[in-house]
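# Structural overview
Here's the letter readout for the chains.
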Amino acid sequence: MSEKDIYMPEVSILVPGRHHLTTTYWEQYIEKVVAKELCQSLSVQNTPLNFQQGKKAANVIFAITSANHSGTKRNPLDLSKRTMLLDRFGQTLPVSTFQYPIDDIPVSDHFAEYMIKKIYVESQGRFNFTPENMVVMTSTPNVIKQFQRLWYQILPAELKPWTLEQPEYLAERPWEWVEYLVTLAKNGSYRNVDDNVLDKVSKSTRKLYETYQLVPYIRNLFEDGLLGGDGDLTSTRDYREYLRSFDDGAERKYAQIKKYLYPGKIVDIGCCSGSLIEQMTKNPTLQQNADFYGIEVARILYDECIKRKESGQYFKNDSVFFLQKNVVDNQIFRENFIDIFTSFSLTHEVYSYQSKQALEKMIHLLFTQLKPWGRRINVDVVWPEEGNKMVLAAFSQTDGKEPHPAPSEDLKKNNYEMYKTALKNHLESLSTYERFLRFAQDFRKEENDQISYEKVEKAGKQYIKASYASICEFMSKKEYTGNRESEMHERFCDFAFSDWKEMLEKAGFTLHSDSTSYTNPRLIDNVRKGKVEIFEENVEENGKENLVALEYPPTNVFLIAEKPLL
């Protein structure tokens, strides 16, 4: 090693990004930077990079962020497609190129530091970045600021120099082209756009997108009305608790439906962790003569399914497959292909986060994919047949515990985990009456769909007057204190058994005679007895008012819908 090499270390260009698409401008920018001396390229301050004359970049390092995310609006392409794209471009450069996956972490002001450390580990110490041996290429203001705090020099790519606080761009950035291609696809004009426009997308991207038909695929993700940008139903759901609950109930759920299962292609929709499929694969008959498909739309839960399958410890059948798909808007399997569709506590989410029309569309799509005499088994929540009638509810006001104050909104903003714990403690300290008042305040507030009620007094006793369905909605969520904020978005009590029957028959199904609504005895014993009484007002012929006690209404519906032989 010469003295010159000691003072002029090998310099790398770090290019962080999600890398779902590359533009012609972006690729040409990198080509120009690596073709000349580093001091001849301008930084984000519009000044030459501070490197000695004669020094050129030796490596281009692509940091692929959100590498563990795919199949979502924010990250449509999986890691393999993104590496293929960068490989094709990297082969055209006269320098060494490397790719390192950077897994997604919560929003952090230290993401730049994390990225540097992650690459050091992934490269087994080969790349130990410092401001002397690395320059960053990015047009994202927040990323620029993080690296500047670490004293790194910045190549601004599309960002116009000196516009960091009020960004102006010299060309469209890659993600803008992803969104633009989706817009073109929605308008049916993707294949008819002038080549002068599409030439702004790099040839390597166009080839990859054409080969794997990625534009229609990404379009479907963008049109998904059920999920947010990261592939989650709601940002407030605690998936750890959700997983525990689903795993704990898997054996009970299997016992409820096993009588109605038979060999063939069985699909569990909203499979969570795959634990219901795990129970099915233990059945000797199904183990040898069935194929199992788990469909899970939420990214975190789908990832858990894949981990369990890869471990080899959960499923007693090799023919278990998991798909991250949305069955509400898309036909996943061909017509007349599936023998059984199952789901637990899924359909109310479709209605809550989308609409009744979306639920009806899903039912129709499942009907289409089922074989003749195929079954659609669904277990979910239900409301009473006379859900709209007004009732009086007497809630216990003496079953509270030592008071815990309600957490502040400031705590929610600054430390959400601590806020959730404080909210749970607060709710569990309230009496049933106080919990109702808090429920009425929180339920569907963001959707502007809150329940209506009034306080009334009869013979010196206090009651809440509201619709039967509203009282049932509260009772169904009274004990949900851990995943509270997520549950406040979901309606449980919108369809009676007769409503479910009507929707299924409208799609072409016939209802098995064992289909029914029922009351969960655990809810009666632990949640309602001694805490909630429901009455109907009755006016006799002489004008005298009296209250008639009502039985606790059904809490769940068990539906076995069959596709008739046409």
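Just above, that's the structure.
Residues numbered from 1 in each chain as written. Predicted model: local features only at pLDDT ≥ 70, side-chain atom pairs only at ≥ 80, totals over all residues. Heavy atoms only, no water.

### Examining helix α8 (residues 203-211)
Taken together, the buried positions of α8 are Ser204, Thr205, Leu208 and Tyr209. Buried residues of α8, viewed axially, fall in a sector of 125°; they line one side. Set apart from the buried face of α8 by more than 90 degrees, the exposed residues are Lys203 and Lys207. Tucked inside the fold, the buried residues of α8 contact α2 (24-35), α3 (79-90), α6 (174-186) and α9 (214-222). Phi turns positive, to about 50°, at Gln213, one or two residues after α8. (Buried < 20%, exposed > 50% of the residue type's maximum accessible area, 1.4 Å probe, protein only. Helix = DSSP H or I, 4+ residues; strand = E, 2+ residues; numbered from the N terminus. Arc of directions from axis to C-beta. Contact = heavy atoms within 4.5 Å.)

### Structural notes on the packing of α6 against α9
Where α6 contacts α9, the axes come no closer than 9 Å and their chain directions differ by 90°. With respect to each other, α6 and α9 are oriented roughly perpendicular. Listed contacts from α9 to Trp175, Val178, Glu179, Leu181, Val182, Ala185 and Lys186 of α6 are Val215, Ile218, Arg219 and Phe222. Split into classes, the residues belonging to the contact of α6 with α9 amount to eight nonpolar, no polar and three charged. (Axes fitted to C-alpha atoms, helices over the stretch in contact; angles between N-to-C directions. Parallel < 35°, antiparallel > 145°, perpendicular 65-115°, else oblique. Nonpolar A, V, L, I, M, F, W, Y, C, P; charged D, E, K, R; others polar.)

### Brief notes about the nonpolar core
By size, the foremost hydrophobic cluster in this structure holds 30 residues, and its most contacted members are Val267, Phe333, Phe341, Leu359, Met362, Trp500 and Phe509. Taken together, the elements giving at least two residues each to this core come down to β6 (264-269), β7 (290-295), β9 (338-344), α15 (356-369), α21 (497-507) and β18 (556-562). Counting residues per element, this core draws most heavily on α15, which supplies six residues. Leaving out residues up to four positions away in the same chain, Leu359 has contacts with Thr347, Val350, Phe495, Trp500 and Met503. (Core = buried A, V, L, I, M, F, W, Y, C linked by side-chain atoms within 4.5 Å.)

### Here's the deal with the sheet that holds strand β1 (residues 11-17)
Pairing is parallel in the open sheet, where five strands are placed in the order β3-β2-β1-β4-β5. Because the sheet does not close on itself, it has two edges, and the strands there are β3 (96-102) and β5 (153-155). The sheet shows a mean angle of 30° between the axes of neighbouring strands, taken without regard to direction. The pairing of strand β4 (residues 134-137) with β5 spans three bridges and is classified as parallel. Residue Val136 lies in a different strand from β5, and its bridge partner there is Ile154. Each of β1, β2 (57-65), β3 and β4 touches helix α4 (residues 111-122); the most contacted strand, β3, lies at about 115° to it. Strand contacts of helix α5 (residues 141-149): β1, β4 and β5, with the helix running at about 155° to β5, the strand carrying the most contacts. (Pairing = 2+ DSSP bridges.)

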